[in-house]
Structures are given as structure tokens and as C-alpha cells.
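Results of the structural survey
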Amino acid sequence: MTKNHSITQRKQDHIDFLLSDPLIERNQRDFDLIQLTHRALPELDFASVNSKLSLFSKTLDFPLLISSMTGGAAENLGQINRHLAEAAEHCQVALAVGSQRAMIEDTSARRSFDLRQYAPSIPLLANIGAVQLNTGYGFEQARIAIDCLQADALILHLNPLQELIQPEGDRNFAGLADKIHQLSQKLDIPIILKEVGCGLSSADIELGLSAGIRYFDLAGRGGTSWSRIEAHRAESDLGLVFQDWGLTTCQALNAARPYQDQARFFASGGIRNGIDMVKSVIMGGYVCGIAAPLLRPAMLSSSAVIDKIQHLKQEFQLAQFLVGAANIESLFLNDALILRAPSGRQVYS
Ligand SMILES: Cc1cc2nc3c(=O)[nH]c(=O)nc-3n(C[C@H](O)[C@H](O)[C@H](O)COP(=O)(O)O)c2cc1C
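A brief structural summary.

What counts, and at which threshold
Residues numbered from 1 in each chain as written. Predicted model: local features only at pLDDT ≥ 70, side-chain atom pairs only at ≥ 80, totals over all residues. Heavy atoms only, no water. Helix = DSSP H or I, 4+ residues; strand = E, 2+ residues; numbered from the N terminus. Contact = heavy atoms within 4.5 Å. Axes fitted to C-alpha atoms, helices over the stretch in contact; angles between N-to-C directions. Parallel < 35°, antiparallel > 145°, perpendicular 65-115°, else oblique. Left-handed = near helix turned anticlockwise from the far one by under 90°. Nonpolar A, V, L, I, M, F, W, Y, C, P; charged D, E, K, R; others polar. Near = heavy atom within 4 Å. Polar contact = N/O pair within 3.5 Å; in protein donor to acceptor, adjacent residues only side chain to side chain. Areas by Shrake-Rupley, 256 points an atom, 1.4 Å probe, with all protein chains shown as cover. Pairing = 2+ DSSP bridges. Core = buried A, V, L, I, M, F, W, Y, C linked by side-chain atoms within 4.5 Å. Buried < 20%, exposed > 50% of the residue type's maximum accessible area, 1.4 Å probe, protein only. Patch = residues over 30% accessible without salt bridge, like charges linked within 9 Å, V, L, I, M, F, W, Y side chains within 5 Å. Salt bridge = Lys/Arg side-chain N within 4 Å of Asp/Glu carboxyl O. Disulfide = S-S within 2.5 Å.

**Things to note about the environment of alanine 263**
In this fold, alanine 263 is placed in the loop between α10 (249–256) and β10 (264–268). Counting along the chain gives 47 residues from alanine 263 to phenylalanine 216, while the straight-line C-alpha distance between them is 7.5 Å. Excluding residues that lie within four positions of it along the chain, alanine 263 makes contacts with Leu209, Arg214 and Phe216.

**Let's talk about the packing of helix α2 (residues 75–91) against helix α13 (residues 302–322)**
Between two packed helices, the angle of one axis relative to the other and the distance separating the axes together describe the packing. Their axes nearest at 8 Å, the elements α2 and α13 cross at an angle of 45°. When the axis of α2 is compared with that of α13, the two are oblique. Seen along the crossing, α2 lies across α13 with a hand that is right-handed. Listed contacts from α13 to His83, Leu84, Glu86, Ala87, His90 and Cys91 of α2 are Ser302, Val305, Ile306, Ile309 and Gln310. For the contact of α2 with α13, the residue count by class is six nonpolar, four polar and one charged.

**Section: the site of the ligand**
Near the ligand, the surroundings consist of 21 residues, among which Lys11, Ser68, Ser99, Thr224 and Arg272 are the closest. Note that an oxygen atom of the ligand is positioned 3.5 Å from one of the side-chain N or O atoms of histidine 157. Within the backbone of glycine 270, a nitrogen or oxygen atom sits 2.9 Å from an oxygen atom of the ligand. When the ligand sits alone it has 610 Å² of accessible area, and the protein chains cover 97% of it. Partitioning the shell around the ligand into residue classes produces eight nonpolar, ten polar and three charged.

**Structural notes on the sheet that holds strand β6 (residues 124–129)**
If you trace the eight strands once around the closed barrel, you get β4-β5-β6-β7-β8-β9-β10-β11, paired in parallel fashion. Neighbour-to-neighbour, the strand axes of this sheet turn through a mean angle of 25°, independent of strand direction. Examined bridge by bridge, strand β4 (residues 64–66) and strand β11 (residues 288–290) share three bridges and lie parallel to one another. Looking at β11, one finds that isoleucine 66 is bridged to isoleucine 290. In this fold helix α4 (residues 139–149) packs onto β6 and β7 (153–157), with an angle of close to 155° to the strand it touches most, β6.

**Considering the nonpolar core**
Membership of the largest hydrophobic core comes to 87 residues, with the highest contact counts inside it found for Leu154, Leu156, Ile309 and Leu331. With seven residues, α2 is the largest single contributor of residues to this core. Aside from chain neighbours lying at most four places away, what touches leucine 331 is Val278, Val281, Ile282, Phe316, Gln320, Val323, Ala325 and Leu337. Listed in part, the 15 residues of the second largest apolar core include Leu53, Ala96, Ala153 and Tyr215.

**Focus on a nonpolar patch on the surface**
On the surface, Phe46, Leu318 and Leu322 cluster together into a nonpolar patch covering about 240 Å² of accessible area. One can find leucine 322 in helix α13. Exposure remark for leucine 322: the relative accessible area of 36% places this residue in the partly exposed category.

**Here's the deal with the pattern of salt bridges**
Oppositely charged side chains are able to pair whenever their charged atoms sit close together. As enumerated under the stated definition, the model contains 20 salt bridges in all. Aspartate 170 is the salt-bridge partner of arginine 101, the closest N and O atoms lying 3.7 Å from each other. Residue arginine 101 is found in helix α3 (residues 101–105), and its partner aspartate 170 is found in the loop between α5 (160–165) and α6 (176–186); the two are separated by 69 residues along the sequence. The pair arginine 101 / aspartate 170 is uniform in exposure class, with both members buried. Residues aspartate 335 and arginine 257 are paired through a salt bridge, measuring 2.9 Å at the closest nitrogen-oxygen approach. Taken together, the residues span a long stretch of sequence, with aspartate 335 in the loop between α14 (328–331) and β12 (338–340) and arginine 257 in the loop between α10 and β10 at a distance of 78 residues. With relative accessibility at 25%, the residue arginine 257 sits in the partly exposed group. Sharing partners across several salt bridges, the network here consists of Arg10, Asp13, Glu168, Glu230 and Arg233.

**Section: α10**
Among the eight residues of α10, eight are classified as buried, and the element is accordingly described as predominantly covered. Those residues of α10 that sit buried are Thr249, Cys250, Gln251, Ala252, Leu253, Asn254, Ala255 and Ala256.

**Description of the state of the cysteines**
Taken as a whole and assessed by the stated rule, the structure comprises zero disulfides. Lacking any disulfide linkage, cysteine 250 is separated from the closest cysteine sulfur, that of cysteine 288, by 11 Å. Using a relative accessible area of 3% as the deciding quantity, one classes cysteine 250 as buried.

**Brief notes about the packing of helix α11 (residues 274–282) against α13**
Axis separation between α11 and α13 bottoms out at 7 Å; the angle between their running directions is 55°. Classified by the angle between their axes, α11 and α13 sit oblique to one another. Between α11 and α13 lies a crossing whose hand is right-handed. Along the contact surface, α11 presents Gly274, Ile275, Met277, Val278 and Val281, while α13 presents Leu312, Glu315, Phe316, Ala319 and Gln320. Residue composition of the contact of α11 with α13, grouped by class: seven nonpolar, two polar and one charged.

Any link to function would need more than the numbers given here.
So, in C-alpha cells, the structure goes:
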């Protein structure tokens, strides 16, 4: 099997493990420890609740980002991406694709990322692994990924734990901040630095800021465990030992708090309903990324994805109404809406 085929096969394996091992979903998010205030007199007409916001100069209907998942040479991976793109366009939410390394190393995978035709008006986010900047990737590969999607921003994902557990993983994360900085200076669209489920810490954010990055996807612990997924492909039990490693999404949001005036932070990792989303926005998540819960619907049809997104929006707007917030500005970083947070919240901030 060539390396190209092995990237597509790896994406298939990830999906198979995710669908067959329920413990990959860790259910350890700490959103449930946060209690929002309740307004019995919200002084709002529910019909007037407005959840719209602007992202990369485009309007989102509510602050949802379909987080990076897949793409590759196989037919089913292309179908998943098409369903996600059609649903994102219909619902006017943002979409990030999975790592585009597959299409950079195998042109037959390109079609699965050719999504602008299905999603002409929404923010589409390209994606490559930051560690690939140490394996010969640079401006040229970033441009290929961006141009294919006519992307509004480029995600550079940071997945050191996953790479360490992965049998064929890339382990050289040295000197990346400099290379990220150089790339950001050459690109005409923003870079988003993103984890994949272990969270970004204050030190990561500071390094990213000094590398010129102004967008971060915190992608914390609590939902999909990449360490556990890779454990299925590895020969040792390391992936299980580290399956709950990292900052939860709430911890990462608190770590990001002091930097809110310098950057936009996306909340993701274990966000499972519209109440989690409202809590994330209150804690400073500009948009909320959700990945695994959208996978099964995406395997079915775009209308299954639309149903799921509409359900999330309904939950979001109910919670928004019940805390008395007429619009997103009234939610964002509004601490007064938090009735009770775990004692750790003060410790993190
Ligand atoms: C099937 C699947 C494939 C993924 N592939 C990628 C990827 O290629 N690049 C990336 O940055 N993140 C990838 N992720 C990580 C997600 O974007 C997200 O950061 C993580 O799963 C946490 O969100 P969740 O708990 O809502 O799933 C993938 C997630 C899933 C479920």
C-alpha cells in the first residue's frame, strides 16, 4: 500500500473506531458543572431572539462551526464532506474540512475537498497539520489547500499527543512557532491554530500570538479522544493511558480569557448541545466547533445534518432566551450570566 492510500485508509480507520468504540466519546466535558442564571422575566419576545454574528466578513445564522473531520480518495469520505457542505450552506454555519494532506499527496483525494460549489456563501476553513511544516510543507502546500476550497482561513492543527501515539506519527514539533510565523506573513488569509481535543494552554496562546496568530480553536478535552482512537491502531496501551490527557474546553476558555482583547478564540471539544454552546459563548468562545456528533448524520444525508443543526439552533436560542440575551453581543464574555461555576474556574483564570 502506498503512503497516499494509507492516509485515506487512516481516515477510514478513524471513522470505523469512532463508530464502534463508545468510549472514544469521553463524556468528560465540564460544561455541566457551570450553571447559568435563569430569567423568569426575560423581557424578550422569543421571536426576536437574534443569534447572528459575523465571521470572516460573512454572516453566520448562529455561532456554529462544523469542526474538521475528513476527506480522502474514497467515495464515502467525499460524500460525508458534500453532505456537511450542503447542510452548512443551507443553515448558514461555518465548515472546516479535515486534514488536506491526503489531497496534497494524492490528487485523487482532491475531489472530496472541492466543496465551494456546494457552499458558495459560508466561511470554509482549510486544514493542514502544523507539524507538516517540519516535513517539507510550506507556502506552496498551504496555497493548494486554500485554493481548492477558496478558503476564508487556514487551520493549522496541533496534535502532538495523537502523533506520539500513532505508529507512523510525525514527532518533530521543534521550531514550529517560527515556521507558523513565516507562513502567516506570506498568506493573505488568517491562520487559525487548533488543537484536536487536548486544549491550548496559556503558553501555547502566548507563543501563537507572538507568531502573529489572531485566531485560535481551543479544541479541549471532554469529547472525542484522539489518544483512544489511535490506541486502536497502535501496539502498546499508551493511547489508553493518555486518553484523558489535556485541558478541558472550559479550562482552555479560562486560559484564553486574559488574551481576549488580542485574538478570537473558538470553543470546541465536547460541545454536545445548544446549552454547552451558550456557555461557551459566555466564556469567550466566539464560535463553537462540533465534530463527532455530526459524523453519523453526515454519513446519511445533508438533510440529516440539517436536522441536527436545526436542533442545536433551537437549543441555543432557548437557552439564549432563558438567560435574557437578545443577541450574541449580550452573551459574549458576560460573566453576570454565570450563576455558579466550579471552584476550579477561579483557579484556571
Ligand atoms: C472523524 C473525525 C476526524 C477528525 N479529523 C480531523 C482532522 O483531520 N484535522 C483536525 O484538525 N481535526 C480533526 N478532528 C478533530 C475535530 O475537529 C475536533 O477538534 C475534535 O474531534 C473535538 O471535537 P468533538 O469533541 O466535537 O468531536 C477529527 C474529528 C473526528 C470526529
